[in-house]
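# Survey of secondary and tertiary structure
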Amino acid sequence: MSLALTDLLRHPVVQAPMAGGVAVPQLAAAVSEAGGLGFLAAGYKTADGMYQEIKQLRGLTGFPFGVNVFMPQPETPDPAAVGVYAHQLAGEASWYSTGLGDPDDGRDDGYDAKLAVLLDNPVPVVSFHFGVPARDVLDALRRAGTFTLATATTPGEARAVQDAGADAVIAQGAEAGGHQGTHRDCPETDCSGIGLLPLVSQVREAVDIPIVAAGGIMHGSQIAAVLAVGASAAQLGTAFLATHESGAHVLHKQALTNPLYTRTEPTRAFSGRPARALVNRFLREHGRYAPAAYPDVHHLTAPLRKAAATAGDPQGMALWAGQGHRMARELPAGQLVEVLAAELTATRTALSAGGAR
C-alpha cells in the first residue's frame, strides 16, 4: 500500500459512497472512527447540499474521509427512446398516483460547482464515478492536499485512470451492487463485466498505482482474497447498506436478506445505466425495455421510486445490491469494520498456519 493510502486508514476497509441518501455523514463518521475510510456521496445533491454534509461530517469525526463525485454525462443518443419508455411507465405513475419526472433535469450533476467547493474547502479524499477527470483537475486536487481515485471496470479504464494522474484506482467487479462505473455506456457490453478477482489481477498488471477492490465483498476472508491478488484495500457497499447508520430505507435493508429476493441482476430499468439490483416486479416488467439513457431515465423514474417507498412497496423501489447481499449483517457500522478486520486477521493467520505445515 502506498504511504499516502496507508495514512488514510488503519484497516483496509473503504465504505462505498452509495448515492441516493445511503452514505450519510453518520455512516461515514462511524466507519472512519473505527479505522476504515468513510465516504459521502455527492451524486444527486447540489453543491451546497454536498458542502453541508461535509461540514456535518467534520463535526462528527477528525479522521480522514472521502467524497465521491459523478462525472458529467454525454447527450442521450436517442431522446425518442426516453419518450417511448415514459409512455410505458404511465401505468406505474397511475398506480402510485404520481407524475413522471422531467428527463431533461440536468446532465452534469453540478460537476463544476462541486469541484469548486472541493478545491476551496479541500477534503482528504475525492473519488470519481462514470469516468475520469482531466489531468488538470486531478493536479489541482493534489495541490490542495486531496488524495484522488477513480473507478475502472476494465484494465483499459484503469490505465486511463493512471494516465490522467489519479493516485489510485477502484477496480469494480461485475458483482458490485448499484451502478457500474464504466467510462463509456455501451449497451453492447451489458452483462459482460469482469469478475472482481480476475479484474484485480489484470489491473495489477496494467497499472502501478494502488488498487481498491470493489464488488460483492461482504466478509473479511474476501478482503484477504483481494489483497492476495494485488489490491491495497477493499471497498464495500452492500455490507454497509444494512448497518444501523446507513440512510437506506428500512424496506431496502430488509430486502437484502429476505428470501423473497433470490438474485440480483444488472438493469437499466431505474436509471438508464447498468446497475445491479435485487430482482423485483419493476425490474422484471421494465428492465428489458429501458433505453441506454442516463441520467434521463433516473430523473424520469425518481418520483415513482419515491412514491413506492412512501407506499411501503419494495416491488417498485430500486433495491441496489451486490451479489453477496445474503451475507449482510445488521450491525453498527463501526462494529462491522472491527468484525471485518478480525475476520481478515483470522484468515491470514489460518493461511499462514496452513502454509507452515
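The structure under discussion appears in the preceding block.
Residues numbered from 1 in each chain as written. Predicted model: local features only at pLDDT ≥ 70, side-chain atom pairs only at ≥ 80, totals over all residues. Heavy atoms only, no water.

Turning to the overall build of the chain, a few remarks are in order. Scanning the chain from N- to C-terminus turns up 15 helices and 11 strands. The C-alpha atoms of the chain give a radius of gyration of 19 Å, which matches the 21 Å a tight globule of 357 residues would have. Across its three principal axes, the chain shows a C-alpha extent of roughly 65 × 45 × 40 Å. Burial analysis of the chain (357 residues in total) assigns 57% to the buried set. The long-range fraction of contacts in the chain, counting pairs at least 24 apart against all pairs at least 6 apart in sequence, stands at 69%. A total accessible area of about 14,300 Å² is found for the chain, and carbon and sulfur atoms account for 55% of it. (Helix = DSSP H or I, 4+ residues; strand = E, 2+ residues; numbered from the N terminus. Rg over C-alpha atoms; globule rule 2.2 N^0.38 Å. Buried < 20%, exposed > 50% of the residue type's maximum accessible area, 1.4 Å probe, protein only. Contact = heavy atoms within 4.5 Å. Areas by Shrake-Rupley, 256 points an atom, 1.4 Å probe, with all protein chains shown as cover.)

Once that is clear, we can look at helix α4 (residues 79-88). Every buried residue of α4 is accounted for by Val82, Tyr85 and Ala86. For α4, the buried positions fall inside an angular range of 105° around the axis, keeping them on one side. In this structure, α4 carries Ala80, Val84 and His87 as exposed residues pointing more than 90 degrees from its buried face. Buried positions along α4 lie against α5 (90-95), α13 (281-286) and α14 (296-310). (Arc of directions from axis to C-beta.)

Let us look at the pairing of strand β8 (residues 211-214). Residues Ile211 and Ala213 point to one face of β8 and Val212 and Ala214 to the other, with burial holding for every one of them. Strand direction decides the pairing type here: strand β6 (residues 168-172) and β8, joined by 4 bridges, are parallel. Looking at the pairing, Gln172 lines up with Ala214 of β8. Of the pairings in the sheet, the one linking β8 to strand β9 (residues 233-236) comprises 3 bridges and is parallel in character. Paired with Val212 across the strands is Ala233, a residue of β9. Note that the unit made of β8, helix α10 (residues 220-228) and β9 has a crossover that is right-handed. (Pairing = 2+ DSSP bridges. Right-handed = clockwise from strand over helix to strand, strands pointing away.)

Looking now at the nonpolar core. Counting 87 residues, the largest nonpolar core has Val67, Leu118, Phe128, Val169, Ile223, Leu236 and Phe240 as the members making the most contacts within it. Excluding residues that lie within four positions of it along the chain, Val169 makes contacts with Ala150, Ala152, Ala158, Val161, Val203, Val207, Ile209, Pro210, Ile211 and Val212. (Core = buried A, V, L, I, M, F, W, Y, C linked by side-chain atoms within 4.5 Å.)

Adjacent strands of a sheet pair through backbone hydrogen bonds, lying either parallel or antiparallel. Taken in spatial order, the 8 strands line up as β1-β9-β8-β6-β5-β4-β3-β2 in an open sheet, and their pairing is parallel. Each end of this open sheet is capped by a strand with a single partner; those strands are β1 (13-15) and β2 (38-41). Here the average twist between neighbouring strands, direction ignored, is 25°. Its contacts with the sheet place helix α6 (residues 111-120) against β3 (65-70) and β4 (125-129), and it is angled at close to 160° to β3. (Axes fitted to C-alpha atoms, helices over the stretch in contact; angles between N-to-C directions.)

Right, let's talk about the pattern of salt bridges for a bit. Using the criterion set out here, one finds 11 salt bridges in the structure. Here Asp185 makes a salt bridge to Arg268, at a shortest N to O gap of 2.8 Å. Taken as a pair, Asp185 in the loop between β7 (178-179) and α9 (196-206) and Arg268 in the loop between β10 (264-267) and β11 (275-278) lie far apart in primary sequence, 83 residues in all. Linked by salt bridges that have partners in common, Glu92, Arg281 and Glu285 make up one network. (Salt bridge = Lys/Arg side-chain N within 4 Å of Asp/Glu carboxyl O.)

With that settled, the discussion passes to the packing of helix α3 (residues 47-58) against α6. In contact at an axis separation of 9 Å, α3 and α6 are set at 30° when each is read in the N-to-C sense. By the angle class used here, α3 and α6 are roughly parallel. Crossing of α3 over α6 shows right-handed handedness. Where α3 approaches α6, its residues Ala47, Met50, Tyr51 and Ile54 are matched on the opposing element by Ala113, Lys114, Val117 and Leu118. Each residue belonging to the contact of α3 with α6 can be placed in one class, and the counts come to 7 nonpolar, no polar and 1 charged. (Parallel < 35°, antiparallel > 145°, perpendicular 65-115°, else oblique. Left-handed = near helix turned anticlockwise from the far one by under 90°. Nonpolar A, V, L, I, M, F, W, Y, C, P; charged D, E, K, R; others polar.)

Now for a negative patch on the surface. Judged by side-chain charge, Glu75, Asp102, Asp104 and Asp105 come together as a negatively charged surface patch. Along the chain, Asp105 turns up in the loop between α5 and α6. (Patch = residues over 30% accessible without salt bridge, like charges linked within 9 Å, V, L, I, M, F, W, Y side chains within 5 Å. Lys, Arg positive; Asp, Glu negative; His and termini not counted. Charge placed at Lys NZ, Arg CZ, Asp CG, Glu CD.)

Bringing empty space enclosed by the protein into the picture now. All told, the structure shown has 1 cavity of 30 Å³ or more when counted by the stated rule. Estimates place the volume of the largest cavity at around 60 Å³. Every residue along the wall of the largest cavity is listed here: Leu5, Val14, Leu37, Phe39, Val125, Leu149, Ile170, Val212 and Gln235. (1 Å grid on protein atoms, 1.4 Å probe; cavity = no way out; pocket = protein on both sides within 12 Å on 5 of 7 lines; lining within 4 Å. Points joined across faces, edges and corners; volume = space filled by probe spheres on them.)

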